[in-house]
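Examination of the molecular architecture
Listed below are the residues making up each chain.
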Amino acid sequence: MKPSIRNLFRRAITFAVFIAILVGAYTGYKAFGQAIGDRQQDWPFVGSVLPRTDDLSMPPVSEIIGQFGETPGGENQVYARILLGEAGFTLREAFFGFLVGLVIGMAISIALAQWRWLERGLLPYVMASQTVPLIAIAPIIVIWGRKNIDFFPWEWQDWMSVSVIATYLTFFPVAVNGLRGLQSPKPENAELMDSYAASWFQTLRHLRLPASLPYLFAALKIAATASIVGAIVGEISAGVNGGLGRRILHEAFNYTTGPDRLFAAVLGAAALGILVFLLVSGVERAVVGTQNQDLGE
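So, a few notes on the structure that sits alongside this text. (Residues numbered from 1 in each chain as written. Predicted model: local features only at pLDDT ≥ 70, side-chain atom pairs only at ≥ 80, totals over all residues. Heavy atoms only, no water.)

It is worth spelling out the overall build of the chain at this point. Counting secondary structure elements, the chain contains eleven helices and zero strands. Each helix (α) and strand (β) of the chain, taken in turn from the N terminus, gives the series α-α-α-α-α-α-α-α-α-α-α. Along the longest, intermediate and shortest principal axes, the C-alpha atoms of the chain span 75 × 55 × 40 Å. When the 297 residues of the chain are sorted by exposure, 39% land in the buried category. Put simply, 71% of the contacts in the chain that link residues at least 6 apart link residues at least 24 apart. When the accessible area of the chain is evaluated, it comes to approximately 17,000 Å², of which 66% is carbon and sulfur surface. Charged side chains in the chain number 22 positive and 22 negative. The centres of these two groups are separated by 8 Å. (Helix = DSSP H or I, 4+ residues; strand = E, 2+ residues; numbered from the N terminus. Buried < 20%, exposed > 50% of the residue type's maximum accessible area, 1.4 Å probe, protein only. Contact = heavy atoms within 4.5 Å. Areas by Shrake-Rupley, 256 points an atom, 1.4 Å probe, with all protein chains shown as cover. Lys, Arg positive; Asp, Glu negative; His and termini not counted. Charge placed at Lys NZ, Arg CZ, Asp CG, Glu CD.)

The following block contains the structure:
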C-alpha cells in the first residue's frame, strides 16, 4: 500500500473512531440520565451543568440520523436534499469571502514582511481586529451594505454582505501565518538571493513564497472553516432567504415540534466545515506534497 493511501486510510479510521466515541458518549449520557429519572436534580452535573436527557433536550441519535430521510411538513423534498441546497447557498457566500480574505491577508503579510516598521505599527491592530465579537459587527455590515453600498455597477445584495463577514474571519489567519512563512527563510538564503542581485519580487517569488506554503496552508485550513462560520452567522444576522444559518434559525423557532431537525441541521453545518477543510487539505497535498504536509499541520 502506498504511503499516501495508507495515511488517508489511517486518518479515515481515526475520524470514524472519533465519531463513534462522540456517539457513544452522547448515547451513554442520555441512557444514564434517563435511568436516574427525576433524581437528575440531585446530581451536581446531570440535568444542571449538563443538559437534561429527555427527548426534547437530547433527541435519540437514531431519530437525528433518520431525519435526513424524512420530508418535513410543508416541504416537497427529503431533509437531506433541503440541507444540501442550503449548504450550497452558504458555500457560495463562504467561497467569495474566503477568496477576498485570502487576497487581503496575503497583501497584508507581504507588506508587513517587506517593511518592518509597518509590521510594528500595523500588526497590533490586525490582532485587535479579532477581539470584536462577530455577532456584534455582522448586523452593522449588513445594514451598511443595504444603505451605503450603491457605487457598484450591480445591485448590492445581502448575501454579498455575508461574504464580507466571512472575509472578516478569513483574512486574519492568512495574514499572521503568511507573515510567519514569508519570514521563515534562513538569512543565508536571503543573502544568496542578494548576491545574485535578485529584485524584491524575484526574492518573493522564488524564495519567500515557496517557503511560506506550509504555513500558508495551515492558515487556509483554519480560514476555510472560519469562512463557513462567518457565513452562517452572517445569514442569521442578515435575514437572507437561504443558507444553513437561516435553516438553523428556522429549526430553532420550531424546536419543540422537531428538535431532531435542529440537530440534523447543525450536523449539516459541521459536515460542510469538514468538507472545505478536506478540500484545502487535498490542494495542499497536490501543491506542497506529502513531505511538507506534516510541517504545515
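Read on, since the account is not over.
On inspection of all chains with the given rule, the structure shows two aromatic pairs. An angle of 50° between the planes, with centres 5.6 Å apart, marks the rings of Phe96 and Trp159 as tilted. One end of the pair, Phe96, is in helix 3 (residues 79-114); the other, Trp159, is in helix 6 (residues 158-182), and 63 residues separate them in sequence. Taking relative accessible area as the criterion, Phe96 reaches 39% and is therefore assigned partly exposed. A relative accessible area of 16% places Trp159 in the buried class. Joined through ring pairs, the aromatic side chains of Phe95, Phe96 and Trp159 make up one cluster. Between Arg92 and the ring centre of Phe89, over which it is positioned, the NZ or CZ distance is 4.9 Å. In this structure, Arg92 packs its charged tip against the face of Trp159, placed 4.1 Å from the ring centre. (Phe/Tyr/Trp six-rings, centres within 6.5 Å; stacked < 30°, edge-to-face > 60°. Lys NZ or Arg CZ within 6 Å of the ring centre and 35° of its normal.)

This paragraph deals with the nonpolar core. Judged by nonpolar contacts, the single largest core of 39 residues is most densely connected at Leu134, Leu220 and Leu244. Taken together, the elements giving at least two residues each to this core come down to helix 3, helix 5 (134-148), helix 6, helix 8 (200-238), helix 9 (244-253) and helix 10 (259-287). For this core, the element with the most residues is helix 8, which contributes eleven residues. If near-sequence neighbours (up to four positions away) are discounted, Leu134 is found in contact with Ile165, Tyr168, Leu169, Gly230 and Val233. Core analysis: the second largest hydrophobic core is formed by eight residues, Leu123, Val126, Phe172 and Ala175 among them. (Core = buried A, V, L, I, M, F, W, Y, C linked by side-chain atoms within 4.5 Å.)

Okay, helix 4 (residues 116-129) next. Across its 14 residues, helix 4 extends 20 Å between first and last C-alpha, which sits within 8% of the 20 Å expected from 1.5 Å per residue. By the burial criterion, the buried members of helix 4 are Glu119, Leu123, Val126 and Ser129. If you follow the buried residues of helix 4, they end up packed against helix 3 and helix 6. (Expected span 1.5 Å × (residues − 1).)

Taken as a whole and judged by the stated rule, the model has six salt bridges. Between Arg116 and Glu119 there is a salt bridge, and its shortest N-O distance comes to 4.0 Å. Separated by three residues within a single helix, Arg116 and Glu119 lie in helix 4, roughly one turn from each other. A salt bridge links Glu251 to Arg261; the shortest N-O distance between them is 3.4 Å. (Salt bridge = Lys/Arg side-chain N within 4 Å of Asp/Glu carboxyl O.)

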